Amino acid sequence: MSPLGERFVAALAHRLPRLTAPHTAALRLFNGYTEGFPRVAVDLYGTTLLLHDATSKTGDREAMLELIELARAKLPWVTTALWKRRESANQNERNGTMLLGDEAQLTRKVQEHGVWYVTRLTLNRDASLYLDTEPLREWALKHLKGKRVLNAFAYTGSLGVAAQAAGAEAVIHTDLNNAFLTVAKDSYAVNGFKVEKKNFKAGDFFDLVGRLKREEELFDCVFVDPPFFSVTEKGRVDLVTDMERVLNKARPLVAHGGWLVAINNGVFVSGAEFQKTLDAICATGHLSLETRIDVPKDFTGYDDTQKVALDVSPAPFNHSTKIAILKVTRKDGKTR
């Protein structure tokens, strides 16, 4: 067994207790960035093994085949394995090629806290459902019953799906890419939620936020989970330099006593830097930090499996995916 294989088996032992029948769960099985091999990560989506390989432009096929063999020895229900060569110049290779089974067998939906999420594992270089934000979806399930919710930068809509499952009064999803919102609609459908076109808005964040302000819309919760970097005709998003500006754009849409949920997953944005941003926007008195939400252990690694420290410290957060729940105070006191 290779050193990578040994690390993987040790990491897998911690995840096995979470994997019970029926096999519909999704979680990270191996986080090489903290567990000894920084260019490799392995996820499980139901019966599909997903291998993130950033070792080189061509990837390390033999190493991936070893991981598949080791995983199937413990997870015999795995029927497919998708290899994402993240450094490849070929978009199809970044999106994923099959190393086990065929594409028609890939997992199409997973279940988390009783809610179904549709997966499109080859949609892009990611996997259509971010596993590090699982605790935030659980928070949404516990807090957003009867609330009005805006899911900005929605991607495939998982945070809004969780809000809808909680019994939210209304959820609006916005994203620049309508293909991603189609996945959100599919998740609604498999959960039996009503799909209304007006609640899925494809377009630029800055344009849509401006329109909602003009319409005097207010929400009890606004999720702001922007991409690392994006530039459109309407504005720029940069998690390193512009997070404060993006949050301040969204803040006026939150009702008095509501929540602005800020997510910064920039690996090279330290926790201290992000906390400094939060302190700055809270200094006006319109916002206060209610809580931070930790990323689950399968993403951070466990005490006896962590071998490599992150290049940039996420403290006071526990991972480079930094999640903050901010409470909003409006001078006008408006709640609707």
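One can find the structure itself at the top, above this paragraph.
About the cut-offs
Residues numbered from 1 in each chain as written. Predicted model: local features only at pLDDT ≥ 70, side-chain atom pairs only at ≥ 80, totals over all residues. Heavy atoms only, no water. Helix = DSSP H or I, 4+ residues; strand = E, 2+ residues; numbered from the N terminus. Rg over C-alpha atoms; globule rule 2.2 N^0.38 Å. Buried < 20%, exposed > 50% of the residue type's maximum accessible area, 1.4 Å probe, protein only. Contact = heavy atoms within 4.5 Å. Areas by Shrake-Rupley, 256 points an atom, 1.4 Å probe, with all protein chains shown as cover. Lys, Arg positive; Asp, Glu negative; His and termini not counted. Charge placed at Lys NZ, Arg CZ, Asp CG, Glu CD. Pairing = 2+ DSSP bridges. Axes fitted to C-alpha atoms, helices over the stretch in contact; angles between N-to-C directions. Core = buried A, V, L, I, M, F, W, Y, C linked by side-chain atoms within 4.5 Å.

Trainee: Explain the overall build of the protein here, please?
Mentor: If you tally the helices and strands in the protein, you get 11 helices and 16 strands. Against the 2.2 N^0.38 benchmark of 20 Å for 336 residues, the protein shows a C-alpha radius of gyration of 20 Å, consistent with a compact globule. The C-alpha extent of the protein, read off along each of the three principal axes, is 65 × 40 × 40 Å. Across the 336 residues in the protein, those meeting the buried criterion constitute 53%. Expressed as a percentage of contacts within the protein between residues at least 6 apart in sequence, the contacts between residues at least 24 apart total 65%. Accessible area of the protein: about 14,500 Å², with a carbon and sulfur share of 49%. A gap of 5 Å separates the mean positions of the 45 positive and 41 negative side-chain charges of the protein.

Trainee: Is there a simple way to explain the sheet that holds strand S3 (residues 48-53) in this structure?
Mentor: Sheets are built from strands paired through backbone hydrogen bonds, the pairs being either parallel or antiparallel. On the basis of which strands lie adjacent, the open sheet formed by 5 strands has the order S1-S2-S3-S4-S5 and mixed pairing. The open sheet has two edge strands with one neighbour each: strand S1 (26-31) and strand S5 (97-100). Going from strand to strand, the sheet's axes swing by 25° on average, the running direction of each strand aside. Here 3 bridges tie strand S4 (residues 80-85) to S5, and the two strands are oriented antiparallel to one another. Paired with Leu-82 across the two strands is Met-98, which belongs to S5. Here helix H1 (residues 3-15) sits on the sheet and contacts S1 and strand S2 (40-45); the angle it forms with S1, its principal contact strand, is near 145°. Where helix H3 (residues 61-74) meets the sheet, it contacts S2, S3, S4 and S5, and its direction lies at approximately 150° from that of S3.

Trainee: Explanation requested: the nonpolar core in the structure shown.
Mentor: One recurring pattern in soluble globular proteins is that nonpolar side chains are buried together. Grouped together as the largest cluster of nonpolar side chains are 37 residues, with contacts concentrated most on Tyr-45, Leu-136, Trp-139, Leu-144, Phe-223 and Val-261. Residue assignment for this core shows that the elements contributing at least two residues are strand S7 (115-118), helix H5 (134-143), helix H6 (158-166), helix H7 (178-191), strand S11 (219-224), strand S14 (254-264) and strand S16 (322-328). Sort the elements by how many residues they give to this core and H6 lands first, with 5 residues. Ignoring any residue separated from it by four or fewer positions in sequence, one finds Tyr-45 in contact with Ala-25, Ala-26, Leu-50, Thr-107, Val-110, Thr-119, Leu-121, Ala-127, Leu-129 and Leu-131. The next biggest cluster of nonpolar side chains, apart from the first, holds 29 residues, and it includes Val-246, Leu-247, Val-254 and Ala-324.

Trainee: Hey, could you run me through the sheet that holds S14 in this one?
Mentor: Sheet architecture is open: 7 strands sit in the order S10-S9-S8-S11-S14-S16-S15, paired in mixed fashion. Because the sheet does not close on itself, it has two edges, and the strands there are strand S10 (200-202) and strand S15 (287-293). Taking the axes of each pair of neighbouring strands and ignoring which way they run, one obtains an average angle of 15° across the sheet. Taken together, the 4 bridges between strand S8 (residues 148-152) and strand S9 (residues 170-175) define a ladder with parallel strand orientation. The residue of S9 that forms the bridge with Leu-150 is Ile-172. Along the sheet, H5 contacts S11, S14, S15 and S16; its crossing angle with S14, the most-contacted strand, is approximately 165°. The strands touched by H6 within the sheet are S8, S9, S11 and S14, with S9 carrying the most contacts at an inclination of about 175°.

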